[in-house]
Every structure is written in C-alpha cells, then in structure tokens.
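Tertiary structure, described
Okay, here's what each chain looks like letter by letter:
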Amino acid sequence: MNIDKFYRRFMEDKKIARIQADYIKDKEQMAEMAALLNGKEQDLIDRLKRIHPMDGYFEVEYAPDEHPILIGTHIIINHEGKGLIHTRAVTVLSRMLKREGPPDDAARLMKEAEDWIDTAAVMDHKMVLDGYPEAFLEVMLRNLGHDSEAASKKDYIRELNEILTDPEVLQQMLSQIPPKEYYALMSYVNRAEYSVKLNDFRILHFTGVILPVSEDVGMLHKEVMEAVKRAAQDRAVPRSPVDSSNGYDAMRLRVTLLHTKTPIWREIIVPMNLNFYELHLIIQAAMGWDDSHMAEFIDDHHEIFVHSFDMEGRMEFGTDGSRKEYLAREVQVGAVLGEGDSIRYWYDYGDDWLHEVKVLEAMMLGELVLPSVEKYRGPVVMDDVGGVSGLEEMLAILKDESHPDYEETLLWARSNGYRQRYPKQAINRRLAALFSGEGPVGASDAGALGLEESVEGLISEHEYALALLGDGAAPGDYIDAMVGYAEDPHRLHGVVAEMDEEEVLTLVDWLLGQEGDAVQYILAKKDGMETLHARRLVVPAGAGPLDRWAIHPSIAEPLLALLFDKESPKHPGRLYSEKYMKDVDMKWLVDESMTIEEIKDRLRAMKYRGYSKLKKWGLVETYTGILTSREWLAHLLERIHPVELVVLNNKTETDALPFWSSLEPCHDLQRLGLVFEAAYDGCFMHPETVRAVRKVDIESIIEAHIEAGRLNLQ
C-alpha cells in the first residue's frame, strides 16, 4: 500500500491525509523532524527498518509519552487504539538519522561492505556460504522450491552451491522473476559488478542468488555471475547487434499498422532486455487487439512464432527453408533488431493485420524501464472487423452520424471495445501491471493436456510445498476441487460472492500480469487468500517473506471473467474506485492524474473558451468548476447519447460513486470529460459531480429524446 492510500484509508480527516502524505515526501521537513526525535523514537525506527511487512505499514504501540514527535506529527497515527506507521516514513527517517550521526559514518559502513564484497566475491563460493547461518541456508533452499535432504550445514552449503552455479536451473529461475528484476540483475552482470543494491531485487535476495551483506547492499558472487551469464546467453538464439553492456537499457519503437488510409501507429518505450513474446503482449495492449488469433514476427532471415503449436503446425506441413524459425519467448528483441532496423508483425492470418515494428533509437534512461506508450495516432483497433477494408468502412460510418447504419455500427463497435479517444493512461497501467508481475511472461502450452492431467501436473509440481503448508489436505482434495469447479464454472459465483475486496484486488493484481501462462502465481499472506484457500482453489507453492500460491488457468480465467462482468458488484474497478476515490478531492485528482494537454482536450470537447492562457492550476479549477456547475452540466447532458443518459440517470440516483465497466455505454461521458478513467479499466464519476448532476432535471431531457423519436424505452 503506497503512502497516499495509507493515509486516505486510516485518517478520518481527508484534507490532513493529503497534506501528511506530501509531508513525508518532503526530505527537508523530514530531516528537521528526525533531529527532534528522542532516544525511544530513534530505537523504534531502528527496529522497524529491519522488517518488511507485506501491507506496507507497521502496527506499533500507540504511546504518546514515549513517541511524542512521531505521534504529534502524524507519522504514527491512531487507528482503533493501535499505532500505525508507513514503511516509507520508516525508510526516510532511518536515512535521516544516519545523516545525523558522524558525517562519514554511513560512507564508512558502505566502504567497509564494498571492500568485503570485493574480497569475498572471488573466494570459493562454498566458503562464502559457510559464513551465513544454517537457518539462512535452509530458508534459501526452501524459497528455491528445493526438496532438501541435508542433515548438516555442510550439506546445505553443497546443495545451495550446486543450484546457484547450475546454468540450467538458473535459466528456469530467470524466466520466472519479474522482468524489471531480470533487467536489474543483467545490468550488474554486464558491468561485472559484484556489489548490488538490495532495493533492486524483490525475489532474488531471498534465494541466495543475491547474498545480503548489509541493510542496503548485497553481493553477486563471481561463480553465480558466470552461471547467470551462461543461462542468459542460452535464452537468445541469434547473435545480438545491440549490446546492452554499452549502457543502453531501453529502446524506442514505432509500431505502424500497414495499408490503412487512417494513420494508426504507437510509439512505445520498451526495456532493452525483452523477448519477442513480451513484445507481442505489448503490441496487443498498445494497439487494442484482444490476442485471440495467431501471430508471428517475420523478416528476410527470421520467422518468430508467438505460439509453439503454430510453429509445430507449420513445420509439420513444411516450410520453404528461406528463414530460420524460432519461438518468440526464446529470442530477445535486441538479438534481432538494432537501431534503425525493422521487422513485420503479422496478427490474425485471416484478417491479415500487418504491422511494421521499427527501432527508432536505443536509449540510456538510467533506471528500470517498464513498457509504456509515449505517442500515438489513430483509434483503438478491433478484432474480427474484416481486415483493413472492414476497419476503414466502420471508421467512415462512425464519423458520419447521419449514416443509416451509424447507430447499429456504434453499438457493435462499443461492445467490441471501440474508443473514440485512445485510453493511453489505462493502457500504460495495464502494461505496468503486466510487466510488474511475479510470474513468467510466456505462452502457455498446457492446453495440449486434458484438464485433469494438467491439474495433476500442477499439484505434483508443488507437492512438497503442499505437504508443508497445506494444513493436512491431500493432493487429491485439491485435484477434485479444481476439476469440479473448472467443469462447472457457475459454482464460482458463490466463491466470488464470499471474497472480500482485499482478496479480489490482490488476485486481480497478480493474475492480470500472467494471462496465458500454464500456471499462475500469487504472492499474498494466507489470510489474504482465505476464500480461495478454503475452497482448495489455490495451491501452496512455497513460503518466504510472503506465502506463494499457484492457481490453474481453468480457475483463474473464469474467476476474472466473473469479476470483470459489467454487472459484477465485485468488479475490481468498482471496488478500487469506491475504496480509494470516494473521498479524494476532485482538484487534487485532476492535478495529480492529468496533464495540461489532457485537461485542455476535455475543455475543448466541452466547448469552453478562454482556457488557452491558463496555467496548470487555473485549468484544474476551471475544469472542476464545470464538473460541479449545474448550469454547465445541464448543457453538457443534452449532448449525451440518450441510452447513456438513461444509464447515467439510473446510476446517479442510487450510487454515490457511479462506476461503468468497459462494456457499459460511457463513450460520450468520456468524450465530454464528465468521468475519470478507473483502475482496471472502466470509468467512474466523482461524487462532487454526482451531487451536481442530481440537481439537473435529467428526466426532462430524456422526455425530449422520447418525443423526438431518438429513444424508445419500450
């Protein structure tokens, strides 16, 4: 939970909550406050900095006499008699307290750690492991999913050394860590740096690949580094013309849909260390495809298939042999494309959507990179419209409201994800969620197995963790439960009804990053998976700083479908909006979430004049003023499609914070800027706007539409 959400959730005074979150982000103010802390407060911060709670905050004793400064400045807040303090406040204060000590103390400790690493990293790996406690070695093996038979510390050292220096084992591990963690690891490997920052890693320093040396610094041992190099080299089949060791960590790509009269392209920033399957996922999201057809990348020398069964089918019927064939998840983009190079991306062999993917430049951003759309032109495209000619015909009809097929085409297009305005923020959030996940980003070939065999394989793979953490349940109990629910997914309605908002949001956060994988993973505390665990629908898959759970796609996919149904009361976008947006000041929301150009676009759509010379805050006040003005809203609601107006009227009568899923009619409300994009897709109307809308006589506007023959409610 980030600092803003923490204070919004636990502080009753929402105005102070906003101020408080900004206060903790101000390093100068925090430095001044750190100098005032008494001994007990300093001891508390020192104890807490060594702990990493999953929820992002600590529960401590609420003791004003012992912690007067921390409580007086709302660093510790009172919640139902307990004291709560956010991890970010602890981290910032810990650093400030270090600076308050002898000026060279922190630098001296850092120098000592680095000197030790320079010596230890080239020693025998087993000798270095011997310096760590036996319990630490045991935990590392367990986190690696290794069924240890060790009877002594010497055995633990031998087993751990064998695993961490085996390229084949490391190759499998590297395919299962978050992309940004893989990029961080390879940047240290490429620079041959043994000293690493622990903050760059969420998984690897709990496996022994990275060995902790101090609070902030870890070590990548030379023998492990060499094994990682060999493992990484095996991932990319062709030789790379773009060497990431030269400091490049990102590429700017332009993806252009070919043969269309309407220019349609996306300019995307992607990480340098990216395989072609990951690029396929990025293109699907950025363009607006729904990933429901075959796809491949092709140039004069390579044919790179997205799906293994597509590749196997082509090879079975024979190829002309002019190109080398690869599987997308096994080839890195930088191994084929250099700066200025391009490749074709062919999606849907029936509709024949051809794209040009061109590397505009290799970049050095100096930070971990998540894929994001930077620039774009053209609408969100749609599957199954009959190729380029069908798309052009549909776009022409949608531009002409007098066309006899306009209404029918618009309804069909909306039901298939059509957006007049490209939802850049929502797409970038989706990409961030996808590439921040813990599971491997790879295609699933599990469909080749029968359901029961596939579920049995999942249980067998995690049988060791199940025996340790499964509360005595037998593997057969899990197999029966999963197969039963998968064969009758209607039973999942009852499961969804029992899940609370935290379980829903946790599940969705993890699963959205792993669509298509043969097994999907969730990191969460046991009580955070209470419903699914009780129904035997998630399998214990290992323990560490968090519990790890495996879920089969036959359960995950229908669960997501139920949650994202437009009628679902547990829609993640609805839950998130109600939880975090209900009490947020609208001016703050606009200022934080929208750029100057986005606000101007909305004012332009509203036909408001006189905004061109306004600065950011003036634009914010003008825009939010319109959204709370009964007169302006009455004028704008007359321009809303009659069907949308009826839906809006129903929602605002009953909901303090109305929410529309992406499948509900909300096109005009978005176009005119009356709603905001919600997390997990969809949109919501701010409560301040709702209160103003209720003052408008919407019934009269609806009656006028009926009398004019534009609406039939029969």
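Now for a quick tour of the structure. In every chain, residue numbers begin from 1 and rise along the written sequence. Under the rules for a predicted model, residues below a pLDDT of 70 receive no local features and side-chain atom pairs below 80 are neither given nor counted, while totals for whole chains, interfaces and linings still include all residues. With hydrogens and water set aside, each side-chain value is computed from the structure's full complement of heavy atoms.

Considerations on the pattern of salt bridges
Stated precisely, the cut-off is as follows: Think of a salt bridge as a Lys or Arg side-chain nitrogen and an Asp or Glu carboxyl oxygen that are within 4 Å of each other. Secondary structure elements follow DSSP: runs of H or I no shorter than four residues count as helices, runs of E no shorter than two count as strands, and numbering proceeds from the N terminus. Exposure categories follow from relative accessible area, calculated using a 1.4 Å probe and restricted to protein chains: below 20% of the type maximum is buried, above 50% is exposed, and the middle band is partly exposed.
If you walk through the whole model with that rule in mind, you get 18 salt bridges. With a closest N to O distance of 4.0 Å, K229 and E226 form a salt bridge. Taken together, the residues span about one helical turn, with K229 and E226 both in helix 13 (residues 222-235) at a distance of three residues. Owing to a relative accessible area of 28%, K229 belongs among the partly exposed residues under this scheme. We classify E226 as partly exposed; its relative accessible area is 32%. The salt bridge partner of R630 is E631, with a shortest N-O separation of 3.5 Å. One network of salt bridges, in which partners are shared, links R252, R254, E267 and E361.

Comments concerning the packing of aromatic side chains
Centre distance and the angle of the planes are the two values used to describe a pair of aromatic rings. Inclusion rule: For this analysis, a ring pair means two rings from Phe, Tyr or Trp (six-membered ring only for Trp) whose centres lie within 6.5 Å, classed as stacked if their planes differ by under 30 degrees, edge-to-face if by over 60, and tilted for the remaining angles.
This model, assessed by the stated rule, comprises 10 aromatic pairs. With 5.2 Å between their ring centres and 45 degrees between their planes, W289 and Y347 make a pair best called tilted. Within this pair, whereas W289 is found in the loop between helix 14 (276-287) and strand 9 (295-298), its partner Y347 is found in strand 12 (residues 342-347), the two being separated by 58 residues in sequence. Residues W289 and Y347 agree in their burial class; the two are buried.

Brief notes about the side chain of H125
Put simply, the rule is: Distance and chemistry together define a polar contact, namely a pair of N or O atoms within 3.5 Å, with one atom able to donate a hydrogen and the other to accept it when in protein, and with adjacent residues in sequence counting only for side-chain atoms on both sides. Contacts: residue pairs with any heavy atoms within 4.5 Å of one another.
Structurally, H125 is set in helix 8 (residues 125-129). Among the polar contacts listed, one links the side chain of H125 to the side chain of N161, at a separation of 2.8 Å. H125 has contacts with N161, L164, T165, H221, E223 and V224, leaving out every residue within four places of it along the chain.

Describing the sheet that holds strand 6 (residues 217-219)
Put simply, the rule is: Each pair of strands is called paired provided DSSP finds at least two bridges between the two strands.
The strand order across the open sheet formed by three strands is 4-6-5, and the pairing between neighbours is antiparallel. Two strands lie at the open edges of the sheet, namely strand 4 (195-197) and strand 5 (211-212), each paired on one side alone.

Quick notes on the nonpolar core
Worth spelling out the cut-off: Buried Ala, Val, Leu, Ile, Met, Phe, Trp, Tyr and Cys residues form a nonpolar core when they are joined through side-chain atoms within 4.5 Å.
Counting 87 residues, the largest nonpolar core has I522, L637 and L674 as the members making the most contacts within it. Judged by nonpolar contacts, the second largest core, of 53 residues, contains I264, L281, F297 and L410.

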